[in-house]
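Overview (structure and organization)
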Amino acid sequence: MKPKFLPVVTTVLATVLCGPALAHGGEDHTHDPRPAAPTQPAPGGALIEAVSARRLPDGSLFVPKAVQRQLGLRHVIVTVGELAATVEFNGTVVADPNAGGRVQATQAGRVEAATGGLPTLGQKVTRGQVLALLRPVVSSIERANQRAQLDDVDAQLAIAERRRERYEQLEGSIARSAIEAARLDAQGLKQRRDALAAGLGAAEPLRAPVSGVISAAHVVAGQVVDARETVYEVVDPARLAVEALAYDAALVEGITGAQASVAGGVAQLQFLGGGRQLREQALPLLFRVKTSTVPLAVGQPLKILAQTSRTLKGVAVPLSAQVKAGAGETAVWVRDGAERFIQRRVKVTPLDAARVAVVDGLADGERVVTAGAGLLAQVR
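In this report, we go over the structure that sits alongside the text. In this text, all values refer to a predicted model and were calculated from it rather than measured experimentally.

Judged by pairing direction, the sheet is antiparallel, and its four strands sit side by side in the order S9-S8-S6-S11 without closing on themselves. The two strands at the open ends of the sheet, each matched to only one other strand, are strand S9 (204-207) and strand S11 (224-225). Relative to S9, strand S8 (residues 130-136) is paired through four bridges, and the arrangement is antiparallel. Residue pairing for S9: Leu 133 is matched across the bridge by Pro 205.

Attention now goes to helix H5 (residues 176-199). Helix length check: H5 (24 residues) gives 35 Å between terminal C-alpha atoms against 34 Å at 1.5 Å per residue, within 8%. Among the residues of H5, those classed as buried are Ile 179, Ala 182, Ala 186 and Leu 189. As for H5, its buried residues are in contact with helix H4 (140-169).

Turning our attention to the pattern of salt bridges. Scanning the entire structure with this criterion turns up 16 salt bridges. Between Arg 164 and Glu 168 there is a salt bridge, with the nearest N and O atoms lying 3.0 Å from each other. Taken together, the residues span about one helical turn, with Arg 164 and Glu 168 both in helix H4 at a distance of four residues. Since its relative accessible area comes to 28%, Glu 168 is described here as partly exposed. One salt bridge connects Asp 336 with Arg 340, and the closest N-O pair in it is separated by 2.5 Å. Residue classification places Arg 340 among the partly exposed residues on the basis of a relative accessible area of 27%. Linked through salt bridges whose partners overlap, the residues forming this network are Glu 161, Arg 164, Glu 168, Glu 180 and Arg 183.

Cut-offs and rules
Residues numbered from 1 in each chain as written. Predicted model: local features only at pLDDT ≥ 70, side-chain atom pairs only at ≥ 80, totals over all residues. Heavy atoms only, no water. Pairing = 2+ DSSP bridges. Helix = DSSP H or I, 4+ residues; strand = E, 2+ residues; numbered from the N terminus. Expected span 1.5 Å × (residues − 1). Buried < 20%, exposed > 50% of the residue type's maximum accessible area, 1.4 Å probe, protein only. Contact = heavy atoms within 4.5 Å. Salt bridge = Lys/Arg side-chain N within 4 Å of Asp/Glu carboxyl O.

Pasting the structure below:
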C-alpha cells in the first residue's frame, strides 16, 4: 500500500527546485551582478523585412507570397506564335443607310402637330407614320393668283355643266359624241377645281421614312422652315454602322474583321467595304456593328482595330500587362521564381480591343504578370 503523502512531498520538492534561488542563511548577495536581460528583436527589423516587398540591388523585385495575395497578382505562361497583323483607324458611329433616315421639308411652310402631338426624342416610330404637318407659307400675291385661278376654273366648270345639261335634254337631236364630249369636259374641269382647292393652303404630312426612334428633333410647333431643311432624324439603334478613314489605300485590302474599344466595353464590327474616291485625303471605310456590350450613339468617335490577312510573330498579352518604363517605353513584369519579378522592356503593336502583341522582348514559356502589374511598379 502506497503512502498518501508522496504527492505532497513531490509538489513541494518541485517548487523548491523550480522556484527562485534563495540566499543561504546569513549570506548577503545584494552586490552580486544581475543576470543579463534577454535580448528582444528590434521592432520593424528582420521580421518586417521578411514579409514586405522590396526592390533588390539588380533592379528586380522581391515580393513575398503574402504580399502577392494582397496585390492580387496573376500571371500567364506566354507562347510565341503567328498573330494577325492589325491596323488602327479613327472612326465615327453613323446610321445604317438602310435603317436610318431624315425627314425634310419639301417646301417652305409652318410646322403643325399631327394627331397625338409632335414626336419627342427617343420615341419609337414606324415607317409611314405621320410625324408632323407642314402647311405651305405663300405670299399674298401668290395666294391671290391661286384664288383667281380657282375662280376662273369655277366659271368654266359652271359653263361646262350647263352645256352638258342642255345637250342631255336634246339627246336624240344632236350627235351622241357631242354629249359625251360635254360630259368629259365638265368632269375634267371638276377634277381640276378640286386639285386647286386642295392645294390652296392644304397641309402636307411629314412621314417617317423608316422604323426606329427619333434621334434628333429640330422643330417645334409653329416653326417656319425652308425647303430641304431637316425636321427629324430617325435611327434604328439595333442597326448602326461605323465609318473610318484610311490614309493608305493598301490598308483596305485584306481586312477580315474589326473591333472598336468603347468606354466600358467592346463593339464587334463587320467590314463592309471601302470607297475608291478620296475624301479629306483619305479613303472612307464602312463597318457594320454586329454586337456591342455598351450602347452606341450616332456621331460617337471610336478607335477601330482591324485584323488583316497578314501575320506577324509575337506573343499576345492583355492590355493590363503593360506598364510604362523610363523614357516612355513599354514594359511588362516577368515572374522569375516564386517571389522574384523582373521588369522587361518590350515592343508592342495593337492586336485587338483587349490584347496587344509583343513582338520583341519575351521568350516562349515565360510567365508574364497580367493582373496587378501597375502595383509592382510602385515597390521601392
